[in-house]
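# Coordinates in review
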Amino acid sequence: MDIIRVEGGHAIEGRVCVSGAKNSALKLMAATLLAPGTTTLQNVPNISDVHVMGKVLKRMGAVIEVVDEHTLTIDTSGVDSWEAPYELVAKMRASTAVMGPLLGRFGCAKIAMPGGCNLGARKIDMHILGLEALGVEFDTDHGYIHAKAPHGLTGTSVTLEFASVGATENLIMAAVKAKGATVIDNAAREPEIVDLANMLNEMGAKIFGAGTPVVTIEGVEELKPVTHRAVGDRIEAGTFIVAAALAAGPAGVEVVGFNPIHLGMVIKKFEAMGIRVERIENGVRVFKCERFEPVDIQTLPFPGFPTDMQAQMMTLSALADGNSIITENIFENRFMFASELVRMGADIRVEGHHAMVHGVSGFSGAQVTSPDLRGGAALAVAGLVAEGYTEVSAIYHIDRGYERFVEKLSSLGAVVERVAVADPTDD
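Described below are features of the structure shown in this document. (Residues numbered from 1 in each chain as written. Predicted model: local features only at pLDDT ≥ 70, side-chain atom pairs only at ≥ 80, totals over all residues. Heavy atoms only, no water.)

### A look at the pairing of strand β21 (residues 354–358)
The two faces of a sheet get side chains in turn, since along a regular strand they alternate between them. Here 5 bridges tie strand β19 (residues 323–327) to β21, and the two strands are oriented antiparallel to one another. Note that in β21 the partner of Ser 324 across the bridge is Val 357. Direction of pairing for strand β20 (residues 347–351) relative to β21: antiparallel, over a ladder of 5 bridges. Bridging from a neighbouring strand, Glu 351 pairs with His 354 of β21. In textbook terms, the turn of a hairpin is the stretch between consecutive antiparallel strands, and for β20 and β21 this stretch comprises 2 residues, one of which, Gly 352, has a positive phi near 65°. (Pairing = 2+ DSSP bridges. Helix = DSSP H or I, 4+ residues; strand = E, 2+ residues; numbered from the N terminus.)

Structure (structure tokens):
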């Protein structure tokens, strides 16, 4: 069992380059199913979620070669299975992203229900309702969703109840092979969706309006393999911006490899807190903030404040000079992080989907447990300015979305290490 151990009180400086976007790379990998042949994906992060998606595609018959640490070739010519098995979907819910491309290419798919939940849970119902409008019939048994389009996919108009990223992506990937035009109203607008649409258009798709609330897809007969580079990871960038705001030395920290426009609302809130963020080529330069102003945030679909930056923002708010209110509108369990930050001395009270954060003068190092991907990274970042040592366990969560996280922090001068320890529950 590995932990991350951080010694607080050391300034960080230098330049850190973020990896390709996890939430883009996973969907780009799924989209390769639509084009028989070999697609090359560049700027793919070397993280555990990508490894899981690779296993999903290999189980279906794809051949994947690692050209270098961040480049994959994926040959889907021999795909002869349409199943995303439970043991892989349970590890990573994004595995359900293969449903749309499988339906687009083969007209059928068999997908394990995430966590064994029913169709109405965790918003997978929006995927189902949207695909049903395209002519897909669904059946469930033994924890699996069986999807088939016996008469083919037919373009139509679909209005999403909520701007769901996953539903938008699955609908786009199915609709590119449908007969006629499909219009998705209230579509999600995230940069990763634009990246997916760009690659599909390079393959020969006809997608218009990606990044806006209304996306139109004109179905085509055939898609061809391409070479495509994933966009930089805006959430990883935001995490390192928070680290810099807390602990940067006089020269600041350069965070590069991403488009700052993709963090528009986040940077706006950072600046409202008093954090100095300078735009540079391919990124930003960030300076330590000596006094954080309190701000209120509420998580919303893009271009609103992303739920994936909520824990990092809570870390800053916990040290602000005053009170902040954080409202979580996307995921109901995202405040599990708060109780761990309280172990480090934060003053946070959670009521429903609101967290009232009363700023304190500092953190103290403690043993904490990573509750999820972003919360785990935020705890390690909090440890940079905590008195003494902070030990973060359950860091497999962090491995899902951050490539070489400890090494990148160390390269900036942080005193942090990954340590193998015995499981305390073992006899």
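### Points about the pattern of salt bridges
Across all of its chains, the model carries 20 salt bridges by this definition. Here Glu 169 and Lys 27 are joined by a salt bridge, their closest N and O atoms 2.6 Å apart. Of this pair, Glu 169 sits in helix α6 (residues 165–175) while Lys 27 sits in helix α1 (residues 22–31), and the two are 142 residues apart along the sequence. You'll find Glu 169 and Lys 27 in the same group, each marked buried. Among the charged side chains, a salt-bridge network with shared partners connects Arg 15, Glu 254, Arg 276, Glu 278 and Arg 285. (Salt bridge = Lys/Arg side-chain N within 4 Å of Asp/Glu carboxyl O. Buried < 20%, exposed > 50% of the residue type's maximum accessible area, 1.4 Å probe, protein only.)

### Quick notes on the environment of Ile 124
Take Ile 124: it is sitting in helix α5 (residues 124–133). Note: C-alpha distance between Ile 124 and His 10 (114 residues apart in sequence) is 44 Å.

### Quick notes on the environment of Ala 380
One can find Ala 380 in helix α12 (residues 373–382). Take Ala 380: its relative accessible area is 0%, and that puts it in the buried class. For the pair formed by Ala 380 and Ile 398, sequence separation is 18 residues and the distance between their alpha carbons is 9.8 Å. When residues no more than four places from it in sequence are discounted, the contact partners of Ala 380 are Val 6, Val 392 and Phe 405. (Contact = heavy atoms within 4.5 Å.)

### What to know about the packing of aromatic side chains
To describe a pair of aromatic rings, you give the distance between the ring centres and the angle between the ring planes. Inspection of the entire model under this criterion finds 3 aromatic pairs. With centroids separated by 5.1 Å and ring planes inclined at 55°, the aromatic side chains of Tyr 402 and Phe 405 adopt a geometry described as tilted. Ring pairing ties together the aromatic residues Phe 240, Tyr 402 and Phe 405, which thus form one cluster. The ring of Tyr 144 is capped by Lys 110, whose NZ or CZ atom sits 4.7 Å from the centre of that ring. For the cation-ring pair, Arg 276 lies above Phe 287, with the distance from its terminal atom to the ring centre recorded as 3.9 Å. (Phe/Tyr/Trp six-rings, centres within 6.5 Å; stacked < 30°, edge-to-face > 60°. Lys NZ or Arg CZ within 6 Å of the ring centre and 35° of its normal.)

### Brief notes about the sheet that holds strand β5 (residues 71–75)
Strand order in the open sheet formed by 4 strands is β4-β5-β3-β14, and the pairing between neighbours is mixed. The open sheet has two free edges, formed respectively by β4 (63–68) and β14 (227–229), since each of these has just one partner strand. In this sheet, neighbouring strand axes are inclined to one another by 20° on average, regardless of whether the strands run parallel or antiparallel. (Axes fitted to C-alpha atoms, helices over the stretch in contact; angles between N-to-C directions.)

### A closer look at the side chain of Gln 310
With respect to the secondary-structure elements, Gln 310 resides in helix α10 (residues 310–317). In this structure the side chain of Gln 310 is engaged in a polar contact, spanning 3.0 Å, whose partner is the side chain of Glu 328. In this structure, Gln 310 is in contact with Thr 299, Phe 305, Ile 326, Glu 328, Arg 334 and Phe 335, ignoring residues within four places of it in sequence. (Polar contact = N/O pair within 3.5 Å; in protein donor to acceptor, adjacent residues only side chain to side chain.)

### Notes on unusual backbone geometry
Across the junction of Phe 302 and Pro 303, the peptide omega takes the value 10°, indicating a cis bond. Turning to its location among the elements, Pro 303 is positioned in the loop between β18 (297–298) and α10. With a phi angle near 60°, Asn 43 is a residue other than glycine that sits in the positive phi range. Summarising the element assignment, Asn 43 is placed in the loop between β3 (38–42) and α2 (48–60).

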